[in-house]
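# Observations on chain architecture
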Amino acid sequence: MKILVCDDHAVFREGFTLLLKEMGMDVVGAAASGEELLDLAPTQDVDVFVVDLHLPGISGIEAIRRLLRDDPGRRVLVLSMVADDVSLFAALRAGATGYLLKGAHSGDVHRALEAVMEGTLFVDAPLARLLVHGLRSSGGIFPQLTARERDILIELCHGRSTDAIAAAHFLTTKTVRNNVSHIIAKLGVNTRAEAVAKAHKAGFDAPG
């Protein structure tokens, strides 16, 4: 299996590369930033991209989006320290096929890579309950909202500020404000407070 690793921590990147080689994987490249990843990607034959979310410059989420925009057939496994629902769903919506936590055993790494290469969703066990809860929650409510608008409405329901939402979802504050305006219009209310009240009344509940 041909792997390209992207992580900004040199020690971790080198150690993980060594682990992959010991597992019989072919590490065809290593990048320390989203920009390096996007520059390297077209030059290598890669089966699975292993990408950290928190990168200098272009975020891991944005790098994944661009990787798949350029070639929708690419396979991406997120390898991150972050174990929360916002990061998990942001990664999956960006197009990642797997999400593994750093510190996972080598057996889990191997299983994750095999699953992702085959196009099968892989979510690390500690995150599985968040995925199940998220799929069960808010399922058929407000179908007029886009995936991003639903995510932002969830954050509004949890009382988070525009700046906090922007940081959590790797967006600009302007983008968040525009999405809030769309949410308000689509829900037929006049303010974000009314949107939140309507969401709570409708049982629009999700993890967070």
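Above this text you will find the structure in question.
All values reported here derive from a predicted model rather than from experimental measurement. (Residues numbered from 1 in each chain as written. Predicted model: local features only at pLDDT ≥ 70, side-chain atom pairs only at ≥ 80, totals over all residues. Heavy atoms only, no water.)

## Looking at the sheet that holds strand S1 (residues 2–6)
Filter applied, for reference: For two strands to pair, DSSP has to find at least two bridges joining them. Secondary structure counts use DSSP, requiring at least four H or I residues in a row for a helix and at least two E residues in a row for a strand, with both numbered from the N terminus.
Spatial ordering of the open sheet is given by S2-S1-S3-S4-S5-S6, a layout of 6 strands whose pairing is parallel. Edge positions in the open sheet fall to strand S2 (26–31) and strand S6 (122–123), since each of these has one partner strand only.

## Brief notes about the pairing of S1
Defined as follows: Buried means the residue's accessible area, taken with a 1.4 Å probe over protein chains only, is under 20% of the maximum for its type, while exposed means over 50%, and partly exposed covers the values in between. Convention used here: a crossover is right-handed provided that the path from the first strand, over the helix, to the second strand proceeds clockwise when the strands point away from the viewer.
Burial of S1 is extensive: 4 of the 5 residues sit out of reach of the surface. Sheet topology places S1 next to S2; 5 bridges connect them, and they run parallel. Paired with isoleucine 3 across the strands is valine 27, a residue of S2. For the crossover from S1 across helix H1 (residues 10–22) to S2, the handedness is right-handed.

## With respect to the nonpolar core
Rules: We define the nonpolar core as a collection of buried residues of types Ala, Val, Leu, Ile, Met, Phe, Trp, Tyr and Cys that are connected through side-chain atoms lying within 4.5 Å of one another.
Among the nonpolar cores identified, the biggest contains 29 residues, and Leu37, Phe49, Ile64 and Tyr99 are the most heavily contacted of them. When residues of this core are traced back to their parent elements, those giving at least two are S1, helix H2 (34–40), strand S3 (48–51), helix H3 (60–70), strand S4 (76–80), helix H4 (85–94) and strand S5 (98–101). Here the element with the most residues in this core is H3; it accounts for 5 residues. Core analysis: the next-biggest nonpolar cluster, separate from the first, contains 18 residues, Ile152, Ile165, Leu171 and Leu187 among them.

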